[in-house]
Amino acid sequence: MMKKIILLFSLSLFMITCQSKKEDKKIIGEIGEKAMVVSAKIEASQVGAAILKKGGNAYDAMVATHLALAVVYPVAGNIAGGGFMVYRNNDGTKGALDFREKAPSKAHRDMYLDKDGNIIDRKSVLGANAVAIPGSVAGIYEVYQKFGSLPFKDLVQPAIDLARNGFNMTKQQAERISQYTEMFNKANNYKTQFARKWNEGELMVQEELAQTLERIRDQGPDGFYKGKTANLLVDYVTELGGIILKEDLENYKAVWRKPIAFKYKNYDITSMTLPASGGICLGQILKSIEPYDLKGIEHNSTKYIQLVTEASRRSYADRAHFLGDIDFVDVPIDSLTDATYLKERMSTFSWDKATPSSEVSHGKILGYESDETTHYSIVDSYGNAVSVTTTLNLRYGSKVVVKGGGFILNNEMDDFSSKPGTPNIFGLLGSKANAIAPNKRMLSSMTPTIVEENGKLKMVLGSPGGSTIITTVAQNILNVLDFNMGMQESVKSGRFHHQWLPDQIKLEPNKFDATTKKELKAFGYKILEKESLIIGRLDAILVLPDGRLEGAADPRGDDTAVGF
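In this text, all values refer to a predicted model and were calculated from it rather than measured experimentally.

Participant: Quick rundown of the UniProt feature "binding site: L-glutamate" (unreviewed entry) in the protein chain? Include the residues and the values.
Facilitator: As recorded in UniProt, the sites labelled "binding site: L-glutamate" (unreviewed entry) are Arg 100, Thr 391, Leu 392, Asn 393, Asp 415, Ser 444, Ser 445 and Gly 466. In three dimensions, the annotated residues from a span of 367 residues occupy one location, with a maximal C-alpha spread of 14.5 Å. Note on placement: Thr 391 falls in strand 11 (residues 385-391). When near neighbours in sequence (up to four residues on either side) are disregarded, Thr 391 contacts Ala 76, Asn 78, Gly 81, Gly 82, Arg 100, Glu 101, Glu 372, Thr 373, Glu 412 and Met 446. Along the polypeptide, Ser 445 turns up in the loop between strand 11 and strand 12 (449-453).

Put into structure tokens, the structure is as follows:
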């Protein structure tokens, strides 16, 4: 009998120990002792990490990673797109760089309308007329001049080698690019190397792009905005009926901006300012949620989704009405993130029912923004951090591949409102604040962000995803700060999105239980849940309590973290 009792006790103890180990097992990302690079492709992350190992800083790694992505991630990585960077130096100083694309000098408000004032189908999306003046090369060189430490040529050479020697297509890449053969053929007057069926593992070699990168390596920005590359770009765009001039390229400048900075509880958050709407909207959402006690609310429960949805709904309504390029539009930034104003905005929120978007605001939704952007986060061994989001806009941008240059041009003009007050071709309304004007920057949802705790670096994060970028970043900040998740655990967890109009909650497929969905519908929320619906691809870094770095690469793509 005693042996039986001992056996039962031992078995119970074993089961409790196993259960405890199971509960203790957490999803952990890549751990780095000193430095970390997280990006959309392993080759780019490896290039950035190699620069850091050579003694380069985060800004050197930014240049190298950005250019490597232009080679190995042509769907969004680029030299002929644009983006935003938020940085934090090891001494705590912070700042932001705007290298967003600009409208050509010959652009005008009605350039996508026919003689009857109707939008011309796909003119702002496909082909030479969709192209805005690129900002990426000016952006990375501006960063290098201010903060770079290694020779510029050493930062460009890895991308040249990748282009010349080739890289192997992943399954996801091969399937995606093969879907766009017809569009590449429509946008160009010659057969580009992108316009064919690609297979997993196949080597993509880009010799013309390698030569373009060599001109950037040897001449800096002049190797892109002047000389042979500029001539190739302008001549080909003109040949296709576009309006870009050589003067447009020569006159492009990246702009240092004062970032959006706000407190959320005991944390200091720094994010991008206009023409990126992300920082303002992120501040509005988090500060609207701040007065509510999240300790008694389960993560991704009905109540949690309600709260985040209603805060997001009100923020996106403000985005539609007020936001645009601050060099052209007067925007009340401080007022929009004021706690008293946000409390008033949330006063109509009820736990008992949804607030219809029609009752929140009469503002007009801004232009469509693609979900195909890319983000990378870097922390170096010196304690510097950069958060960078960049894009061509839609997948492979305008699909125009510069003849003789080997690089894809953006279709960022579609981020303007083609016809203010009228639905664009994607069914979204436009606003006067984001109307087309010569040399104006189009509004964006990009949200590169840095979080600090007690004056020390805590988190570096950002995401692609068009209008879902803002809610993706907000939810991951809440996951870590309020629900004590690790970074990879946070990135892997299910996401949802609401943007005022259309009045629906997008739920990531197979991530939310039936009871939650049933309860939300009972409260009057419309639910959109469908296969292939991806809400953001977050690439982030979390500083652990012991000072090590957890790099979190989004499993929804080929994203990879490389640390050491």
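Participant: Lay out helix 12 (residues 278-289) in plain terms, naming residues and giving numbers.
Facilitator: Its twelve residues give helix 12 an end-to-end C-alpha distance of 16 Å, which sits within 8% of 16 Å, the value for a rise of 1.5 Å per residue. Taking burial as the measure, the twelve residues of helix 12 include twelve buried ones, the bulk of the element.

Participant: Run through the domain arrangement of the protein chain, naming residues and quoting values.
Facilitator: With domains assigned, the protein chain is organised as domain 1 (41-110 + 121-253 + 392-415) and domain 2 (260-368 + 448-558). Measuring from the centre of the C-alpha atoms in domain 1 to the corresponding centre in domain 2 gives 29 Å. Buried surface at the junction of domain 1 and domain 2, both sides included, amounts to about 1,400 Å², of which 57% is carbon and sulfur. Taken as a group, Phe 84, Val 86 and Arg 88 account for 42% of the area that domain 1 buries against domain 2, more than any other trio of residues on that side. Seen at the junction of domain 1 and domain 2, the total is two salt bridges.

Participant: I'd like a rundown of the nonpolar core, residues and numbers included.
Facilitator: Membership of the largest hydrophobic core comes to 86 residues, with the highest contact counts inside it found for Met 62, Ile 79 and Leu 213. Per-element accounting of this core gives the leading share, twelve residues, to helix 3 (residues 58-72). Not counting residues up to four positions away in its chain, the partners in contact with Leu 213 are Leu 67, Val 71, Ile 79, Val 156, Ala 159, Ile 160 and Ala 163. In this structure, Leu 274, Ile 280, Val 329 and Ala 433 belong to the second largest nonpolar core, which totals 78 residues.

Participant: Explain the side chain of Arg 257 to me, and be specific about the residues and the numbers.
Facilitator: Position of Arg 257 relative to the elements: it lies in strand 7 (residues 255-257). Assessed through its relative accessible area of 11%, Arg 257 is described here as buried. A polar contact is formed between the side chain of Arg 257 and the side chain of Asp 98, at a distance of 2.9 Å. A distance of 3.0 Å separates polar atoms of two side chains, one belonging to Arg 257 and the other to Asp 327. Setting aside anything within four residues of it in sequence, one finds Arg 257 in contact with Gly 95, Ala 96, Asp 98, Met 272, Thr 273, Leu 274, Pro 275, Asp 325, Ile 326, Asp 327 and Arg 441.

Participant: I'd like a rundown of the sheet that holds strand 8 (residues 260-264), residues and numbers included.
Facilitator: Backbone hydrogen bonds hold the strands of a sheet together, and the pairing may be parallel or antiparallel. If you walk across this open sheet you meet the seven strands as 1-18-17-13-12-9-8, and the pairing is antiparallel. The sheet terminates laterally at strand 1 (30-32) and strand 8, the two strands that pair on one side only. Neighbouring strand axes in the sheet, compared pairwise and without regard to direction, differ in orientation by 25° on average. As paired elements, strand 13 (residues 456-461) and strand 17 (residues 540-543) share two bridges and run antiparallel to each other. Along strand 17, the bridge assignment pairs Val 460 with Ile 541. The strands touched by helix 12 are strand 8, strand 9 (267-271) and strand 12; relative to strand 8, the strand with the most contacts, the crossing angle is about 15°. Across the sheet, helix 16 (residues 468-481) touches strand 8, strand 9, strand 12, strand 13 and strand 17, and the angle it forms with strand 13 is around 140°.

Participant: I'd love a proper account of the pairing of strand 2 (residues 36-39), names of residues and values included.
Facilitator: In strand 2, alternate side chains face the same way, and those of Met 36 and Val 38 on one face and Val 37 and Ser 39 on the other are all buried. By the bridge criterion, three bridges tie strand 2 to strand 10 (residues 373-379) in an arrangement that is antiparallel. In the strand pairing of strand 10, Val 38 is matched with Ser 377. Both strand 2 and strand 19 (residues 560-563) contribute to a ladder of four bridges, which runs antiparallel. Paired with Val 37 across the two strands is Val 562, which belongs to strand 19.

Participant: Give me the lowdown on the packing of aromatic side chains, citing residues and values where you can.
Facilitator: According to the stated counting rule, one finds 21 aromatic pairs in the structure shown. For the pair Tyr 141 and Tyr 144, a centre-to-centre distance of 6.0 Å together with 40° between the ring planes defines the contact as tilted. Pair noted here: Tyr 141 and Tyr 144 are both in helix 4 (residues 136-147), with a separation of three residues, about one helical turn. Where Phe 224 meets Tyr 225, the ring centres are 4.9 Å apart and the plane angle is 75°; that geometry is what we call edge-to-face. Looking at Tyr 225, the relative accessible area reads 5%, which means it is buried. Each residue in the set Tyr 59, Tyr 87, Phe 147 and Trp 256 is aromatic and connected to the rest through ring pairs, giving one cluster. When the ring centre of Trp 256 is taken as reference, the NZ or CZ atom of Lys 146 above it lies at 5.0 Å. In this structure, Lys 303 packs its charged tip against the face of Trp 351, placed 4.6 Å from the ring centre.

Participant: So what's going on with the UniProt feature "active site" (unreviewed entry) in the protein chain? Which residues, and what values?
Facilitator: When the UniProt feature table is mapped to this numbering, "active site" (unreviewed entry) covers Thr 373. By secondary structure assignment, the location of Thr 373 is in strand 10. Judged by relative accessible area, Thr 373 falls into the buried class, the value being 1%. When near neighbours in sequence (up to four residues on either side) are disregarded, Thr 373 contacts Ala 76, Thr 389, Thr 390, Thr 391, Met 446, Pro 464 and Gly 465.

Participant: An account of helix 5 (residues 152-165) is needed here, citing residue identities and associated values.
Facilitator: Look at helix 5: 21 Å from first C-alpha to last across 14 residues, which is about the 20 Å you get at 1.5 Å a residue. At its buried positions, helix 5 is contacted by helix 2 (42-53), helix 3, helix 4, strand 5 (167-168) and helix 8 (207-219). Of the residues trailing helix 5, Gly 166 is marked for its positive phi of about 90°.

Participant: Any details on the sheet that holds strand 15 (residues 505-507)? Residues and values, ideally.
Facilitator: Read from one edge of the open sheet, three strands run 14-15-16, paired in mixed fashion. Either end of the sheet is taken by a strand with one partner, and the two such strands are strand 14 (496-497) and strand 16 (527-528). Taken together, the two bridges between strand 14 and strand 15 define a ladder with antiparallel strand orientation. Bridging from a neighbouring strand, Phe 496 pairs with Leu 507 of strand 15.

The rules behind each value
Residues numbered from 1 in each chain as written. Predicted model: local features only at pLDDT ≥ 70, side-chain atom pairs only at ≥ 80, totals over all residues. Heavy atoms only, no water. UniProt positions renumbered as here; feature names shortened; annotations may be inferred. Helix = DSSP H or I, 4+ residues; strand = E, 2+ residues; numbered from the N terminus. Contact = heavy atoms within 4.5 Å. Expected span 1.5 Å × (residues − 1). Buried < 20%, exposed > 50% of the residue type's maximum accessible area, 1.4 Å probe, protein only. Domains from an automatic or database assignment. Buried area = accessible area lost by both parts, 1.4 Å probe. Salt bridge = Lys/Arg side-chain N within 4 Å of Asp/Glu carboxyl O. Core = buried A, V, L, I, M, F, W, Y, C linked by side-chain atoms within 4.5 Å. Polar contact = N/O pair within 3.5 Å; in protein donor to acceptor, adjacent residues only side chain to side chain. Pairing = 2+ DSSP bridges. Axes fitted to C-alpha atoms, helices over the stretch in contact; angles between N-to-C directions. Phe/Tyr/Trp six-rings, centres within 6.5 Å; stacked < 30°, edge-to-face > 60°. Lys NZ or Arg CZ within 6 Å of the ring centre and 35° of its normal.

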